[in-house]
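Observations on chain architecture
So the chains spell out like this:
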Amino acid sequence: MLSAMAYVDGMHREQSVQRTRDAMRRKAERGHVAGGAVYGYENRRVADHVERTINPIQADVIRRIFRDVATGDGFCRIAKRLNGEGIPSPTRAGWAISGVREMVMRDLYQGLQV
């Protein structure tokens with residue numbers, strides 16, 4: 001009996017996961033936010049959904065990171081420079097090499113629809 005109930009519970013979990021994934025995909029296809037906060041953007045409620053709008057100050061930091069990478073600076077040098085200038089980071093704990101690398105590799109910042 002317990003095995004049968006565990007099997008049914010597992011099926012319900014799988015169905016819930018699939019329904020959630022489908023709902024998030026539909027939101028993303030309509031251009032609505034299907035995730036959390038992203039550095040460089042602000043989430044704004046518009047009627048019954050949330051859309052991303054560009055945060056100009058943070059967007060300038062991201063553009064600067066991409067310019068620095070394009071000129072040949074490494075992630076470590078960029079992170080140290082941002083920390084040295086006191087530029088606020090996404091985590092408020094300071095800029096890390098991995099954080100700079102993740103920004104450069106992020107599809108959203110490269111203009112791809114996520």
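Just so it is clear, the model here is predicted, and its values are computed rather than measured.

The subject of this paragraph is the overall build of the protein chain. The helix and strand tally for the protein chain stands at four helices and two strands. Order of helices (α) and strands (β) in the protein chain, N terminus to C terminus: α-β-β-α-α-α. Considered along the principal axes of its C-alpha atoms, the protein chain spans approximately 65 × 35 × 25 Å. Put simply, the protein chain has 114 residues, and 24% of those count as buried.

Below, the discussion takes up the pattern of salt bridges. With the rule as written, the count across this model stands at seven salt bridges. The shortest N-O distance in the salt bridge between Glu85 and Arg64 comes to 2.7 Å. Of the two residues, Glu85 is situated in the loop between helix H3 (75-84) and helix H4 (97-105) and Arg64 in helix H2 (residues 56-70); the sequence distance between them amounts to 21 residues. The residue Asp73 makes a salt bridge to Arg77 at a minimum N-O spacing of 3.7 Å. Residue class for Asp73 comes out buried when judged on its relative accessible area of 16%. Several salt bridges converge on common partners, so that one network encompasses Arg64, Asp68, Asp73, Arg77, Arg81 and Glu85.

Quick look at the nonpolar core now. Tyr39, Val61, Ile65, Leu82, Trp95 and Met103 are the most contacted members of the largest nonpolar core, which totals 15 residues. The set of elements that each furnish at least two residues to this core consists of H2, H3 and H4. Leave out the neighbours within four places in its chain, and Val61 touches Tyr39, Leu82, Ile87 and Trp95.

So, how was this worked out
Along each chain, residue indices are assigned from 1 in the same order as the chain's sequence is written. Confidence filtering applies because this is a predicted model: local features only for residues at pLDDT of at least 70, side-chain atom pairs given and counted only at 80 or more, and all residues used for totals across whole chains, interfaces and linings. Hydrogens are left out, water is left out, and the side-chain values use all remaining heavy atoms of the structure. Under the scheme used here, helices are H or I runs from DSSP no shorter than 4 residues and strands are E runs no shorter than 2 residues, and both carry numbers assigned from the N terminus. When accessible area is computed with a 1.4 Å probe and restricted to protein chains, residues below 20% of their type maximum are described as buried, those above 50% as exposed, and intermediate ones as partly exposed. Any carboxyl oxygen of Asp or Glu within 4 Å of a side-chain nitrogen of Lys or Arg constitutes a salt bridge here. To define a nonpolar core, start from buried Ala, Val, Leu, Ile, Met, Phe, Trp, Tyr and Cys residues and group those joined through side-chain atoms within 4.5 Å. Contact between two residues is taken to exist if any of their heavy atoms lie within 4.5 Å; hydrogens are not considered.

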